[in-house]
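# Descriptive analysis of the structure
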Amino acid sequence: MRSHVQGIDHVVVLVRNLDKAQQAYARMGFTLTPRGFHTLGSQNHCLMFGSDYVELLAVPKPHPAMQYFSDFLAIGEGLGAIALATDDAGGLQASLAKDGVAVEAPLDFSRPVEGLGEARFRIVQLPPDASPGCRMFACQHFTREVVWRPEYQRHVNGATAIAAVAVVAEDSEAAAADYGKLLAARPQGIEEGFLVQTGSAPI
């Protein structure tokens, strides 16, 4: 497994109307966090689980770091990215660059959390061709205690975690090889195609 990768941190579901998305997921039995306002101009609601989460994200204000998401939303909505958990964004960038993956420089940003201070993050965005079928980036949390709050981890529908993410590809073997290179993991043949482990989730 690649060093500094600790499984899936969260998945990003891009939406054009955050109010409608919030209402739809609430009807499905999810507890959503209050609206967050990032310093990059994006806004979100999160569906928090034990060690991972789903992020509903809107991009009302343009920002160079959000351009991929803005382009995605110009065409449609849906799963826009998978965020890998990392304990060291800079170390991960160096590891990937050593293996020839053109990783962007780490980027820091934050969002206020009412009554608790700032939720602070550092991300490393990966090139789109490194992960066929879905954009990937890595996310390092500096304030996990602000993001993972017990009151937002209980859902009426019983959801507790992201079990896995499936990528549908025309050439599943080639796609699995690309993910294997990215994650320094050997793809395993399974009934549905190939499984690539993303690492152990952080505690």
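Residues numbered from 1 in each chain as written. Predicted model: local features only at pLDDT ≥ 70, side-chain atom pairs only at ≥ 80, totals over all residues. Heavy atoms only, no water.

### Comments concerning the pairing of strand β5 (residues 78-85)
- By the criterion of burial, β5 is predominantly enclosed, with seven of the eight residues buried.
- Summarising the sheet, strand β1 (residues 8-14) and β5 pair through six bridges and their orientation is antiparallel. The residue of β5 that forms the bridge with Val-11 is Ile-82. (Buried < 20%, exposed > 50% of the residue type's maximum accessible area, 1.4 Å probe, protein only. Helix = DSSP H or I, 4+ residues; strand = E, 2+ residues; numbered from the N terminus. Pairing = 2+ DSSP bridges.)

### Notes on the sheet that holds β5
- One open sheet holds the eight strands; their spatial order is β2-β3-β4-β1-β5-β8-β7-β6, and the pairing between them is mixed. Edge positions in the sheet fall to β2 (36-37) and β6 (107-113), since each of these pairs with one other strand and no more.
- In this sheet, strand β4 (residues 53-58) lies alongside β1 in parallel orientation, the contact comprising five bridges. Residue pairing across strands places Val-11 opposite Val-54, the latter belonging to β4.

### Comments concerning the pattern of salt bridges
- Counting across every chain of the model gives five salt bridges.
- Arg-2 is the partner of Asp-99 in a salt bridge, and the nearest nitrogen-oxygen pair spans 2.9 Å. In this pair, Asp-99 is assigned in the loop between α3 (89-98) and β6 and Arg-2 in the segment before β1, connecting sequence segments 97 residues apart.
- Given the relative accessible area of 39%, Asp-99 is considered partly exposed.
- A salt bridge links Glu-104 to Arg-135, with the shortest nitrogen-to-oxygen separation between them at 3.8 Å. Of this pair, Glu-104 sits in the loop between α3 and β6 while Arg-135 is found in strand β8 (residues 135-141), placing the two residues 31 residues apart along the sequence. (Salt bridge = Lys/Arg side-chain N within 4 Å of Asp/Glu carboxyl O.)

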